[in-house]
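Residue-level structural notes
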Amino acid sequence: MAQDPISPKDVDSFILNEVDSVPHLEALLILRARRPQSLSTAEVASHLYINEDSAASILQDLERRGLLHSMEGDPNLYGYSPSEELEALVKQVEITYRRELVRVANMIHSKASSAVRDFARAFRFTKEKPE
Amino acid sequence: MMASLVYIVGALIMLACGVLLLRGYVRGRQRLLLWSSLCFFGLSVSNTLIFVDLVMLPDHDLYTARLATAAVSTLLLLYGLIWEGGER
Amino acid sequence: MINGFLLGVIATSSVAVGVIFLKFWKQTRDPLFLSFAIAFIVEGFNRASLLLVEKPNEGNPIIYLVRLAVFLILLIAIILKNYGRTKSAS
């Protein structure tokens, strides 16, 4: 069962659509690096040198997007257990990010904030057609 | 008659916008959507008041109330856009 | 006096809101924001024009026809977002 190769366009699409900020991406990649181990909000906060509230909201955003999941017993513990397709995509995203740091960071920063994108998305009430 | 129809249609459109934005807020918890939805609900009320005012002809007492609701609503939206329109 | 003041508040804040929506349109290229920008800016000027009218009255055809145009711009923007041909990302 061969998978379609991930194109640079797919990587850029993922970054444009799913990544709200550089800390969001770093949080996702840390959890990917540590899988299948799960990390707590506090641990992620210390890895990223941000405060716990920011870490908590970042992890919640990632969970809401289906990129991470929280553990049943403890909602402050997060883990990365992706589907095959998602993992293939995130793996390419990580490679691209490490190789082209400035370009990816610029792409993320020039996006409208997630609030603005949510505003536009709020007006969709039909299903998006898969491209 | 035509005028009152326009305002009731407007009130409904504003209401729809408010509902869509409120739904979006519940999903994503972005405060911008909360302020925006309040604005559109307020504008809906304002347009409804215009409709009421036009239908009950001689009564122009509602004029200031109509303007006040529209002013507060738009200011709420402006506040939301300024504070919440950027990254956290 | 108070009514003139309130009209001024509405006109100015509407135009300001419209300009901010223009910025979002420039950032996202999403035509929804362009429509909202036009709607709010036009409505701002529409409100301001009430100051030129002797007896401000929203029953005046010009006022409500412009308002109708604004409502239609918003409605069409929302419909296009959902049923338009280019359903690009968000």
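Since the model is a prediction, treat every value here as computed from it, not as a measurement.

**Considering the overall build of chain A**
When you go through chain A residue by residue, the secondary structure sums to seven helices and three strands. Each helix and strand of chain A, placed in order from N terminus to C terminus, yields the pattern α-α-β-α-α-β-β-α-α-α. Its C-alpha atoms give chain A a radius of gyration of 15 Å, near enough to 14 Å, the size a compact globule of 131 residues would have. Overall size of chain A, expressed as C-alpha extent along the three principal axes, is 40 × 35 × 30 Å. Counting across all 131 residues of chain A, residues that qualify as buried make up 26%. The contacts of chain A with a sequence gap of at least 6 include a subset with a gap of at least 24, amounting to 62%.

**With respect to the nonpolar core**
If you look at the biggest cluster of nonpolar residues, it comprises 57 residues, and the most contacted ones within it are Phe21(C), Phe33(C), Phe36(C) and Leu74(C). Among the secondary structure elements, those contributing two or more residues to this core are α7 (114–122) of chain A, α1 (2–28), α2 (31–55) and α3 (63–84) of chain B together with α1 (2–28), α2 (31–49) and α3 (61–83) of chain C. Broken down by element, the residue count for this core peaks at 12 residues, all from α2(B). Other than its neighbours up to four places away in sequence, Leu74(C) contacts Ile13(B), Cys17(B), Ser35(C), Phe36(C) and Ala39(C). Counting 21 residues, the second largest nonpolar core, distinct from the first, contains Leu25(A), Ala27(A), Ala55(A) and Leu62(A).

**Regarding the interface of chain C and chain B**
Each partner contributes residues to the interface: chain C has 19 residues there, and chain B has 20 residues. For the side of chain C that touches chain B, the secondary structure elements donating two or more residues are α1 and α3 of chain C. Class assignment of the residues belonging to the side of chain C that touches chain B gives a composition of 13 nonpolar, four polar and two charged.

Cut-offs applied
- Residues numbered from 1 in each chain as written.
- Chains lettered and ligands numbered in written order.
- Predicted model: local features only at pLDDT ≥ 70, side-chain atom pairs only at ≥ 80, totals over all residues.
- Helix = DSSP H or I, 4+ residues; strand = E, 2+ residues; numbered from the N terminus.
- Rg over C-alpha atoms; globule rule 2.2 N^0.38 Å.
- Buried ≥ 20, exposed ≤ 12 C-beta atoms within 10 Å, placed from the backbone.
- Contact = placed C-beta atoms within 7 Å.
- Core = buried A, V, L, I, M, F, W, Y, C linked by C-beta atoms within 7 Å.
- Nonpolar A, V, L, I, M, F, W, Y, C, P; charged D, E, K, R; others polar.

The quantities given are spatial measurements derived from coordinates; they are silent on function.
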